[in-house]
Amino acid sequence: MAKDGEQKPETTTKNGETPLGKFDRRNLLVGLGGLYGAASLAANPLAFAAPATPDFKDCVNATEPNGTSINCCPPAASNITAYVPSAACVSRTRMSAQTFTTDSNYYRKYMKAIEKMKKLKSTDPRNFTEQANVHCAYCDGGYTQQGNPNLLYEIHGSWLFFPWHRWYLYFFEKICANLLDDDSFALPFWNWDDPTGMKIPNIFVNDPDKSPLYDSNRNPDHLPPTVINLDWSYGDPTVDDKQQIKSNLSLMYTQMITQSKTQTDFFGKAYRSGDDIVTLDGAGSIELSPHNVVHSWTGTMTDPNNPIDMGALYSAGRDPIFYAHHANVDRMWNIWLNQLGGTNFTDSDWLNSTFIFYNEEAKPVSVRVGDCLDNTKLGYTYEDVPIAWLDAKPTARAKARTLPSARDPAQVFPTTLEKAINVLVKRPKKSGSGSAEEILVIEGIEYDKDDVNASRPEYTEYLGNFSNVPHGHGMKVKTNRRFRITEVLKDLGVNNYESVLVTLVPKSGPLKINGVKIEFDSS
């Protein structure tokens, strides 16, 4: 196979950033005004520093959610070369996984690729388990920051989430193609955002005894024909399929449009050298949901305190469906740019962030974020499928109902949220020429990373939840959750109200909340 890359000297530009939570299954429902409520993440003032870079010479043991140490370090890399894709044209089309039947040539070819990966020597970095360990090392505390040995490096919870996973899938796909001797091979995507794809695709559940695409560590209650719940939390009641699909489409609209107005909303917060990922408070809208939720919904529930495979970051890459899930997450990046008018960051600290992977020839290469922004230059595109959620804007419920009693936030917080509470939050008064976009901020959400119904997504007043997939390295986490509410208040017809009734509902165990406020967007 031809090598799709070449050495490239490192370059640095300095562009300003154009305007525009972590993982553990702690959930928080938020509700607005007697009505109920929404969410999104904060941005720090821009301060140019340097890209956060993993120290590849200092890979340490990662940690399972229950505290067990696990070694997922890749083979020591030497003679690392800079890599830039040189695809002359699009040669691979990623198709919807629902497109393929279990008697199709593609299904047999995909099984063959994964089977070959699993049979490679354990010392081969292209081996399936070694590829899964790449995700573990980057996502569960396997690396420290270069120049900051006391800080862990992490590619979740910041602006690195989308580009890192794009590169990861790129090389995984290239390895499959190499083993098949077929440059046209492409990974499938699990289009959980469309009604036709809201079940685990059949190619991943067929022939459990023989198929290398099958994984036994999936939640048995969520196998087909169960429709996925993109707002799922442990113990959530089920609804009929029609209602669930409607709810899923509304959530997609909210996350992709209402809560993704800016670059920071969508991609996540800047992550620079010296930043502590534990306190960064930086995940973007899509990473929080549906990304996190699909992980938790799919993964096993044998032990809620120690979920495995898709249910926890250290093991997620062991399930072949992980790569189809993330192909659809990657597809959301394309949709946001090409159909919703989004733009990429131009900040040089983002563009020059680097990662190391092993390519299809088992050679270590370094890659830049700036070289993966156009998927066609990486040689692949996506099947053109319907996007039903574009027309699924949530609707307001009838307003004629008795509102619950509520107190001022100062009288309530800090508090441990063990049951639904209502607070009446005063809106700020606009002054000067600053942004008029109002943000509801849930402040100081505290929870243990090891710990594992007011409204629904189809209603305008539902803002979202706080959703995390289990990491290792147990520690106390304190974070915020931010929701854009200007459009929501307008749609509810309450733009002239001085205060907003906010309802907070714990969905998966108690957690501490330090405050609730409304402020104007400062990004």
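This write-up is about the structure you can find in this document. Predicted model, so just to flag it, every value in this text is computed and none were measured. (Residues numbered from 1 in each chain as written. Predicted model: local features only at pLDDT ≥ 70, side-chain atom pairs only at ≥ 80, totals over all residues. Heavy atoms only, no water.)

## Some words on the sheet that holds strand β10 (residues 364–368)
Across the sheet, three strands lie side by side as β5-β10-β9; this open sheet has mixed pairing. Since the sheet does not close on itself, it has two edges, and those belong to β5 (81–82) and β9 (354–358), each with one partner. Sheet topology note: the β5/β10 ladder contains two bridges and is parallel. The residue bridging Ala82 from the neighbouring strand is Ser366, located in β10. Relative to the sheet, helix α3 (residues 161–180) contacts β9 and β10, its axis offset from that of β9 by approximately 20°. (Pairing = 2+ DSSP bridges. Helix = DSSP H or I, 4+ residues; strand = E, 2+ residues; numbered from the N terminus. Contact = heavy atoms within 4.5 Å. Axes fitted to C-alpha atoms, helices over the stretch in contact; angles between N-to-C directions.)

## A few points about the pattern of salt bridges
This model, assessed by the stated rule, comprises 24 salt bridges. Among the ionic pairs, Arg94 bridges to Asp330, the shortest N-O distance being 3.8 Å. Placement of Arg94 in strand β6 (residues 92–94) and of Asp330 in helix α8 (residues 321–338) is noted, with a sequence separation of 236 residues between them. A residue is classified by how much of its surface remains accessible, and Asp330, at 5% relative accessible area, is buried. Of the charged contacts, one joins Asp193 and Arg331 as a salt bridge, the two residues approaching to 3.0 Å between their closest N and O atoms. Here the residue Asp193 occupies a position in the loop between α3 and α4 (241–258), and Arg331 occupies one in helix α8, the gap between them amounting to 138 residues. (Salt bridge = Lys/Arg side-chain N within 4 Å of Asp/Glu carboxyl O. Buried < 20%, exposed > 50% of the residue type's maximum accessible area, 1.4 Å probe, protein only.)

## Thoughts on the packing of aromatic side chains
For the coordinates displayed, the defined rule picks out 44 aromatic pairs. Ring geometry for Tyr110 and Phe204: centres 6.3 Å apart, planes at 90°, overall edge-to-face. Of this pair, Tyr110 sits in helix α1 (residues 105–119) while Phe204 sits in the loop between α3 and α4, and the two are 94 residues apart along the sequence. Look at Tyr110 and you get buried, because its relative accessible area is 0%. Both rings, one in Phe267 and one in Trp333, keep their centres 5.7 Å apart while their planes meet at 85°; by these two values the pair is edge-to-face. A residue pair is termed long-range when its members are at least 10 positions apart, and Phe267 in helix α5 (residues 263–267) and Trp333 in helix α8 qualify at 66 residues. Of the two residues, Phe267 and Trp333, both sit in the buried class. In this arrangement the basic side chain of Lys118 is found over the ring face of Phe128, its NZ or CZ atom lying 5.0 Å from the centre. In this arrangement the basic side chain of Arg218 is found over the ring face of Tyr214, its NZ or CZ atom lying 5.8 Å from the centre. (Phe/Tyr/Trp six-rings, centres within 6.5 Å; stacked < 30°, edge-to-face > 60°. Lys NZ or Arg CZ within 6 Å of the ring centre and 35° of its normal.)

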